[in-house]
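Chain and residue survey
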Amino acid sequence: MSKRIGRIAIILLVLTVVIKAGPYTESGVNGYIGDDWRHAKPSDADAVLNPIFRGWATGFENYFPSDDDLTDYYGFYDFNDPHRTLGPATGDYLDVVGLGDLNSIEIADGCAPGQITLLFGNPSAPNDPNHIRNAGGYDFVVFENAFLSTYTGGEGSVSGEMFAELGYVEVSSDGVNFARFPSVSLTAGVVGAYGTIEISNVFNLAGKHPNAGGVCTGTPFDLSDIADDPNVVSGLVDINNISYVRIVDVPGSGDFYDEAVKHIDPDSWPDWDYYYTNHPIYDAWVTINPGGVDLEAVGVLNEQKYSADINLDGVVDFDDFAVFAYAWKRHFGGTGWVMRCDLAEPKDFIIDELDLAEFSEQWLGKETWRD
């Protein structure tokens, strides 16, 4: 019992730290777990690849980095091998491919940001089970090599914030027509080449969760978020048959924008309305050696039948209830908001009796992949 109480205290402490700044509080998905089904360092003796994943990228195409020279500071390690993005996440911050970064001159000249497209299963076989489909919960996870800063300094770093190189995420059924996840970025201004961001100010951009220094987590994406995209509505992109995931670097200068107007503004409580304008995206900029998004892997998730499994360990239990109780009566944009606790459909952006009823119905539910 003492271990469980201690673990819950840690969960609530982490939630308090994360929620203090912004409204987008989704946790990263663990790449590896231990015997207790909690996050594990990939090097731990009991660490295994998280069984919530059912597949990984099997191929790539159209790797177009914005920089020709993608080496580390010592000049001996090339980051331009896209094969490193294939297969499971490793948690190794060097096991990545760089997309490069654009400086102010290149941006003014209209140079394209770096990009890469990853393949899943056989794109020519619509019924290939290795494709990504819009199932219950999150559908896939992008692993970059962001890391948590441990110091506050004059170069823009703030202890407890993330050194992140963000990227747009797009998906396609045919490799020609893509739908981009509408993102939100509330970072106020340029943060500098070694600057950090508060990740709860960012939504639907790859690279916001840590994947370095023993922490192996990735950023989750739900295909339901693009259901209203014109290419999805027209049938050009089938969210139940996704064979391609494209990552496009976002130079963090503020010259590239989110699509916040497609999302509810947390400051519009209690009447709820959409953001009235899009926002410039800021992250560490200009980055070099390698610059921009450093992509490690993209994993496909098993369906999550139990949305009340808030911590995604495969079972609805007391740990999930502790988080739910913490978020009780909180609303989107307010202190203590935990977005995964908004269980009832349609989402109403407040944790209330409707969500409690849903949680109760799912109590002790166990995912098949948990076994």
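Predicted, not measured: the structure shown is a model, and the values here were computed from it.

Calculation criteria
Residues numbered from 1 in each chain as written. Predicted model: local features only at pLDDT ≥ 70, side-chain atom pairs only at ≥ 80, totals over all residues. Heavy atoms only, no water. Helix = DSSP H or I, 4+ residues; strand = E, 2+ residues; numbered from the N terminus. Rg over C-alpha atoms; globule rule 2.2 N^0.38 Å. Buried < 20%, exposed > 50% of the residue type's maximum accessible area, 1.4 Å probe, protein only. Contact = heavy atoms within 4.5 Å. Areas by Shrake-Rupley, 256 points an atom, 1.4 Å probe, with all protein chains shown as cover. Lys, Arg positive; Asp, Glu negative; His and termini not counted. Charge placed at Lys NZ, Arg CZ, Asp CG, Glu CD. Pairing = 2+ DSSP bridges. Axes fitted to C-alpha atoms, helices over the stretch in contact; angles between N-to-C directions. Core = buried A, V, L, I, M, F, W, Y, C linked by side-chain atoms within 4.5 Å. Phe/Tyr/Trp six-rings, centres within 6.5 Å; stacked < 30°, edge-to-face > 60°. Patch = residues over 30% accessible without salt bridge, like charges linked within 9 Å, V, L, I, M, F, W, Y side chains within 5 Å. Salt bridge = Lys/Arg side-chain N within 4 Å of Asp/Glu carboxyl O. Polar contact = N/O pair within 3.5 Å; in protein donor to acceptor, adjacent residues only side chain to side chain. pLDDT = per-residue confidence, 0-100. Parallel < 35°, antiparallel > 145°, perpendicular 65-115°, else oblique. Nonpolar A, V, L, I, M, F, W, Y, C, P; charged D, E, K, R; others polar.

A separate point is the overall build of the protein. When its secondary structure is counted, the protein shows five helices and 20 strands. Relative to the globule expectation of 21 Å for 371 residues, the C-alpha radius of gyration of the protein, 20 Å, shows essentially globular dimensions. Here the protein holds 371 residues, and the buried ones make up 55% of them. Look at the contacts in the protein between residues 6 or more apart in sequence, and 72% of them connect residues 24 or more apart. Of the roughly 16000 Å² of accessible surface on the protein, 54% is carried by carbon and sulfur atoms. Side chains of the protein carry 20 positive and 58 negative charges; the gap between the two charge centres is 9 Å.

Strand order in the open sheet formed by five strands is β5-β7-β17-β11-β12, and the pairing between neighbours is antiparallel. Because the sheet does not close on itself, it has two edges, and the strands there are β5 (59–64) and β12 (178–180). Across this sheet, the average inter-strand angle for adjacent strands is 20 degrees, counted without regard to direction. When strand β11 (residues 167–172) meets strand β17 (residues 244–249), the two strands line up antiparallel, connected through six bridges. From the neighbouring strand, Val-169 faces β17, where its bridge partner is Ile-247.

Following the sequence through the fold, Gln-115 ends up in strand β7 (residues 115–119). Sequence-distant contacts of Gln-115, defined by excluding residues within four places in its chain, comprise Asn-62, Tyr-63, Phe-64, Pro-65, Leu-99, Arg-246, Ile-247 and Val-248.

Bringing helix α4 (residues 318–327) into the picture now. Residue pairs three or four apart in sequence face the same way in an α-helix, which turns once every 3.6 residues. Summarising burial for α4: seven of the 10 residues are buried, a large majority. In the stretch just after α4, Lys-329 is the one whose phi turns positive, near 70 degrees.

This next bit is on the nonpolar core. By size, the foremost hydrophobic cluster in this structure holds 28 residues, and its most contacted members are Phe-140, Val-142, Val-169, Leu-223, Ile-247 and Leu-295. Every element with two or more residues in this core is listed here: β7, β8 (140–144), β11, β17 and β20 (294–301). The biggest single contributor to this core is β20, with three residues. Every residue in contact with Leu-223, bar those within four places of it in the chain, is listed here: Ile-132, Arg-133, Asn-134, Asp-139, Phe-140, Val-171, Phe-181, Ile-239 and Ile-242. Counting residues in hydrophobic clusters, the runner-up holds 21 residues, among them Tyr-275, Val-323, Phe-332 and Leu-343.

Here we take up the environment of Gly-121. Note that Gly-121 resides in the loop between β7 and β8. Measuring from C-alpha to C-alpha, the distance between Gly-121 and Glu-170 comes to 17 Å, with 49 residues separating the pair along the chain. Residues within four places of Gly-121 in sequence aside, it is in contact with Thr-58, Asp-128, Asn-130 and His-131.

Before going further, it helps to spend a moment on the pairing of β8. Remember that side chains alternate between the two faces of the sheet whenever the strand is regular. Of all five residues in β8, five are buried; the element is thus mostly enclosed. Residues Phe-140, Val-142 and Glu-144 line one face of β8 and the alternating positions Val-141 and Phe-143 line the opposite face, and both faces are buried. Bridge count between β8 and strand β16 (residues 215–221): three bridges; the pairing is antiparallel. Within the sheet, the bridge partner assigned to Phe-140 lies in β16 and is Phe-221. Strand direction decides the pairing type here: β8 and β20, joined by five bridges, are antiparallel. The partner of Glu-144 across the bridge, within β20, is Leu-295.

On inspection of all chains with the given rule, the structure shows 18 aromatic pairs. On the basis of an interplanar angle of 55 degrees and a centroid distance of 5.4 Å, the ring pair of Trp-272 and Phe-349 is categorised as tilted. Placement of the pair is Trp-272 in the loop between β18 (253–257) and β19 (280–282) and Phe-349 in the loop between α4 and α5 (353–362), with a sequence separation of 77 residues. On the basis of relative accessibility, which here comes to 23%, the residue Phe-349 falls in the partly exposed class. An aromatic cluster of three or more residues is present, and its members are Tyr-24, Phe-203, Trp-269, Trp-272, Phe-332, Trp-337 and Phe-349.

Here we take up a negative patch on the surface. There is a patch of like negative charges on the surface, built from Asp-35, Asp-36, Asp-44 and Asp-46. Considering the arrangement of structural elements, one finds Asp-44 in the loop between β2 (32–33) and β3 (48–49).

Bringing the side chain of Arg-38 into the picture now. Relative to the helices and strands, Arg-38 resides in the loop between β2 and β3. At 3.3 Å, the side chain of Arg-38 and the side chain of Asp-313 are in polar contact.

It is worth spelling out the confidence of the model for the protein at this point. Here the protein averages 92 in pLDDT, while 92% of its residues score no lower than 70. Here residues 1–6 scores under 50 on pLDDT; set against residues more than four positions off or in separate chains, the count is two contacts. Below pLDDT 50 for its whole length, residues 8–20 participates in 20 contacts with residues either more than four positions away or in separate chains.

Another aspect to go through is the packing of α4 against α5. Orientation of α4 relative to α5, taken along the N-to-C sense of each, is 175 degrees, at an axis distance of 12 Å. Relative to α5, α4 is oriented roughly antiparallel. Each of Asp-320, Phe-321 and Phe-324 in α4 lies in contact with α5, whose residues at this interface are Asp-355, Leu-356 and Phe-359. Grouping the constituent residues of the contact of α4 with α5 by class yields four nonpolar, no polar and two charged.

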